[in-house]
Amino acid sequence: MTSSVIGRAGTRNNSRHLGGALLVIATAQLMVVLDATIVNVALPHIQTALGFSGSGLEWVINAYALALGGLLLLGGRAGDLLGRRRMFVAGLLLFSAASLAGGLATSQAWLLAARAVQGAGGAIVAPAALALIATTFPEGPRHNRAMGVYAAMSGAGGAAGLIAGGLLVTYASWRWVLFVNVPIGIAVALGALVVLPGAGRRPGRLDLPGAITGTGGVAALVYGLSNAATSPDGTSHWGDPKVVTALTVGAVLLAAFALVETRSREALLPVRLLRQRDRLGANLIMLGVGTAIFGVFFFVTLFVQDVWGYSALRTGVAFLPLTAALLATSGAAAALVPRIGARPLLLAGGAAGAGGLYWLTEHGTYVSGLLGPSLVTGAGLGLLFVPLPLVALARVGEGDSGVAASLLNVGRQVGGSIGLAVLGTVAWTVVADGARGQAAAARTASRQAAYQHALAAGFDRAFLTAAGIALLVLVVAIAAIRVRRTDLSGS
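Now for a quick tour of the structure.

1. As for the nonpolar core
If you look at the biggest cluster of nonpolar residues, it comprises 113 residues, and the most contacted ones within it are Phe-88, Leu-196, Ile-285 and Leu-357. Every residue in contact with Leu-357, bar those within four places of it in the chain, is listed here: Ala-292, Ile-293, Val-296, Thr-377, Phe-463, Ala-466, Ala-467 and Ala-470. Among the nonpolar cores identified, the runner-up in size contains 17 residues, and Val-39, Ile-46, Ala-105 and Trp-174 belong to it.

Listed below in structure tokens is the structure:
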């Protein structure tokens, strides 16, 4: 009788421990993902306060993206070797300190430096969060529910950032889009020390040549892509010297990184992780999802403000249906993985994502032009984001889970940069050509009306391109994913 009571009490305590661990990990992941978009809404206010030029303002976003994307692999491997809880807490404190510094910024250089340090903190936290999900939660329903919550936070963070940014800018100040991270980050770091399992250092050392070439290569690639997109006036920048140089340097460094990793005994990215077909497919799918979705978020935000005249706050609220659909299907996907496996969910998610993005080209009213597509796209993302980490981390040793998690995050980050560059080039080229054609064909029409018509045409083309990329995601899922239910952690 006594042992039975003790057993039940132990189960309840373990449940509370795991519940607290999930809350800590999910909050940290939401904070990192949310920060990629929460600042977007505040950019006009930041420009006024600190005197940024139009091109300089882009670096408020790019400084964070460069540091985050460039340091993810290093952050993931550091967690594997130095202890994930230790690095998770260190990354949160670094992120919080940089947020405080950014909120207090009185100059452009000060803010940009703080944003870069924020990105470095995020590059430590993000892979540690996913690796902690994989190693903390026992196989079974708890693991699947935890992965569902993690996926929901990862997917909903972008839309939540727009809503939170709109509220903070409207009712407080642009500085609060940064200050808000400070109490949350400190609270999560303290909670992590209580509820997350600690682990000592593992034998091994960081692969310094791999860290230099890998970090430099990803950062150069993200920088080149961030500056390559055709500008709103129709001017192409793909041939600009700085873009060509950055993309060339990125390609050379990544080639050197691949060579180093095949020969290193302490590889930053062990080649064995990429030899498994399903894992490679999962990372390619995440790359494609990032490419399609990040650019679409950007252009939908511009469309509803510039064409439909929405305020920043109303724009954020308009994304709530997408967030709700994503949360709902993430929960459903977590329950379905043990029953039907990952492949059917990835196929359904890819098809729904492609259909929802195509539907965006049929814009009219909010209900038919944004609400419907948002619900379908959000549902597709929820079905994708739960099985992808499960497939990417299936049969990965505990010592490699951090770097495997970082690889998935790199795909999302680099995909976002590719999406903004490619969709931006498509959209702004069509906008510029359309604006010139409208002005020449209808001299009596107002210039503003002609430009809005051109904007709608350009954004339609970008959405169509994104739908095509989503179709490629579906093709990769069909061709590459063969993982069985029994191979999935937690199935």
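Continuing now.
2. A word on the environment of Phe-179
Along the chain, Phe-179 turns up in helix 7 (residues 176-179). The exposure class of Phe-179 is buried, given its relative accessible area of 16%. Each C-alpha atom, one on Phe-179 and one on Gly-103, is 5.6 Å from the other, the two residues being 76 residues apart in sequence. With residues near it in sequence (within four places) discarded, Phe-179 still touches Ser-99, Leu-100, Gly-103 and Leu-104.

3. Overview of the side chain of Thr-215
Among the structural elements, Thr-215 can be located in helix 9 (residues 208-226). By relative accessible area, which is 17% here, Thr-215 ends up buried. There is a polar contact of 3.2 Å between the side chain of Thr-215 and the backbone oxygen of Gly-70. If near-sequence neighbours (up to four positions away) are discounted, Thr-215 is found in contact with Gly-70, Leu-71, Leu-74 and Gly-210.

4. Focus: a nonpolar patch on the surface
Side chains of Leu-93, Ile-186, Leu-190, Leu-193 and Val-194 sit close together on the surface and give an oily, nonpolar patch of about 480 Å² of accessible area. No other element matches the 4 residues that helix 8 (residues 181-195) contributes to the nonpolar patch. Positionally, Leu-190 belongs in helix 8. On the basis of relative accessibility, which here comes to 53%, the residue Leu-190 falls in the exposed class.

5. A short note on the packing of helix 5 (residues 108-136) against helix 6 (residues 141-171)
Contact pair helix 5 / helix 6: the axes reach a minimum separation of 9 Å and the direction vectors enclose 160°. Relative to helix 6, the element helix 5 is oriented roughly antiparallel. Facing helix 5, whose interface residues are Ala-126, Ala-129, Leu-130, Ile-133 and Ala-134, helix 6 presents His-143, Ala-146, Met-147 and Tyr-150. Tallied by class, residues from the contact of helix 5 with helix 6 come to 8 nonpolar, 1 polar and no charged.

6. What about the environment of Arg-175?
With respect to the secondary-structure elements, Arg-175 resides in the loop between helix 6 and helix 7. Residue class for Arg-175 comes out partly exposed when judged on its relative accessible area of 23%. Counting along the chain gives 124 residues from Arg-175 to Gly-51, while the straight-line C-alpha distance between them is 15 Å.

7. Re the layout of surface pockets
Size it by volume and the second largest pocket reaches roughly 520 Å³. For the second largest pocket, the lining is made up of 19 residues, of which Leu-254, Leu-269, Leu-274, Leu-407 and Val-410 are closest to its centre. At the level of elements, helix 9, helix 10 (241-263), helix 11 (277-306) and helix 17 (401-441) are the ones that each hand at least two residues to the lining of the second largest pocket. At 5 residues, the largest contribution of residues to the lining of the second largest pocket is made by helix 17. Counted by class, the lining of the second largest pocket contains 16 nonpolar, 2 polar and 1 charged residues.

Reading the values: rules and limits
- Residues numbered from 1 in each chain as written.
- Predicted model: local features only at pLDDT ≥ 70, side-chain atom pairs only at ≥ 80, totals over all residues.
- Heavy atoms only, no water.
- Core = buried A, V, L, I, M, F, W, Y, C linked by side-chain atoms within 4.5 Å.
- Buried < 20%, exposed > 50% of the residue type's maximum accessible area, 1.4 Å probe, protein only.
- Contact = heavy atoms within 4.5 Å.
- Helix = DSSP H or I, 4+ residues; strand = E, 2+ residues; numbered from the N terminus.
- Polar contact = N/O pair within 3.5 Å; in protein donor to acceptor, adjacent residues only side chain to side chain.
- Patch = residues over 30% accessible without salt bridge, like charges linked within 9 Å, V, L, I, M, F, W, Y side chains within 5 Å.
- Areas by Shrake-Rupley, 256 points an atom, 1.4 Å probe, with all protein chains shown as cover.
- Salt bridge = Lys/Arg side-chain N within 4 Å of Asp/Glu carboxyl O.
- Axes fitted to C-alpha atoms, helices over the stretch in contact; angles between N-to-C directions.
- Parallel < 35°, antiparallel > 145°, perpendicular 65-115°, else oblique.
- Nonpolar A, V, L, I, M, F, W, Y, C, P; charged D, E, K, R; others polar.
- 1 Å grid on protein atoms, 1.4 Å probe; cavity = no way out; pocket = protein on both sides within 12 Å on 5 of 7 lines; lining within 4 Å.
- Points joined across faces, edges and corners; volume = space filled by probe spheres on them.

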